[in-house]
Amino acid sequence: FYSLVLLLSWIVLKEYRDQELQNQTNPLSLYHRPGFLNQAIHGVLFGFDLKRSELYYRHRANSGSQSNLPTEWRTQMLLVLEEHGAVFIQSDGDQILGFMDEKNVSEPHLKCILLFDSLKQASQKLEKVIRAQGRLPEGSMGFEFSASMVNGSIRPIFDSFEGKNYPTWEEAGVGTAFVDC
């Protein structure tokens, strides 16, 4: 009997350890965990995109610099998302999508507008630092971005590829939040 209990305990602990290791190497949102998976969440989907980013990419390529200014900008913006309780959805180059869950954030539209203001302030602060370091490309007007938000419902899912699961999101309900944003 004790051998069976010990064996079952070892299996449970091993599965838990393997799951935690996977979470560390491929971080999951709260919504990609059991209890939330495949359930629709409702709120405000928002996106923002660095304007004139081609200038920064060309500057890096032409100068041979290891510094990637859009990556630095994106990293700073993700910190702002976290400070505002937003959920990071995805990034594509210098575009970032996020979500304000109406269950976890009161007045998500207002919070999203405040988030955009904080993003602007963080962008301006980063610009000052990079300009002072002499790393801002000639002709740059700084880190300006366009932003949008839309009501919507999304659902956390996993895409499988070559035996691995990758966390992603899809629209849920009747709207087209990803298209509209």
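Here's what I pulled together on the structure shown here. The residue numbers shown here count from 1 along each chain, following its written sequence. Restriction of local features to residues with pLDDT of at least 70 applies here, the model being predicted, together with a cutoff of 80 or more for giving and counting side-chain atom pairs; totals for whole chains, interfaces and linings are based on all residues. Side-chain descriptors were evaluated using all non-hydrogen atoms of the structure, hydrogens and water having been removed beforehand.

Turning our eyes to something else, we now look at the sheet that holds strand β2 (residues 87-92). Paired through their backbone hydrogen bonds, the strands of a sheet run either parallel or antiparallel. With respect to topology, 5 strands assemble into an open sheet ordered β2-β3-β1-β4-β5, the strand pairing being antiparallel. The sheet is open, and its two borders are formed by β2 and β5 (164-171), each paired with just one other strand. Neighbour-to-neighbour, the strand axes of this sheet turn through a mean angle of 35°, independent of strand direction. Two strands are counted as paired when DSSP detects at least two bridges linking them. Under the scheme used here, helices are H or I runs from DSSP no shorter than 4 residues and strands are E runs no shorter than 2 residues, and both carry numbers assigned from the N terminus. Note: strand β1 (residues 41-50) against strand β4 (residues 145-161), 10 bridges, orientation antiparallel. Looking at the pairing, Leu45 lines up with Val150 of β4. We call two residues contacting when some pair of their heavy atoms lies within 4.5 Å. Interaxial angles span 0 to 180 degrees and are taken between N-to-C directions of axes, which are lines fitted to C-alpha atoms, for helices over the stretch in contact. Most of the contacts of helix α4 (residues 108-132) go to β4, to which it runs at about 100°, and overall it touches β1, β3 (95-101) and β4.

Attention now goes to the nonpolar core. Within the largest apolar cluster, 24 residues are counted, with the highest numbers of intra-cluster contacts made by Phe46, Phe48, Trp73, Leu81, Leu119 and Phe143. When contributions to this core are tallied by element, the ones reaching two or more residues are β1, α3 (69-83), β3 and α4. Ranked by the residues each element gives to this core, the list is headed by α4, at 7 residues. Judged by nonpolar contacts, the second largest core, of 11 residues, contains Tyr31, Leu45, Ile89 and Val150. Buried Ala, Val, Leu, Ile, Met, Phe, Trp, Tyr and Cys residues form a nonpolar core when they are joined through side-chain atoms within 4.5 Å. Residue burial is assigned from relative accessible area. The probe radius is 1.4 Å, only protein chains are included, and a residue is buried under 20% of its type maximum, exposed over 50%, and partly exposed in between.

Our next topic: the pairing of β1. Summarising burial for β1: 8 of the 10 residues are buried, a large majority. Pairing of β1 with β3, which is carried by 7 bridges, proceeds in the antiparallel orientation. Looking at the pairing, Asp49 lines up with Gln95 of β3.

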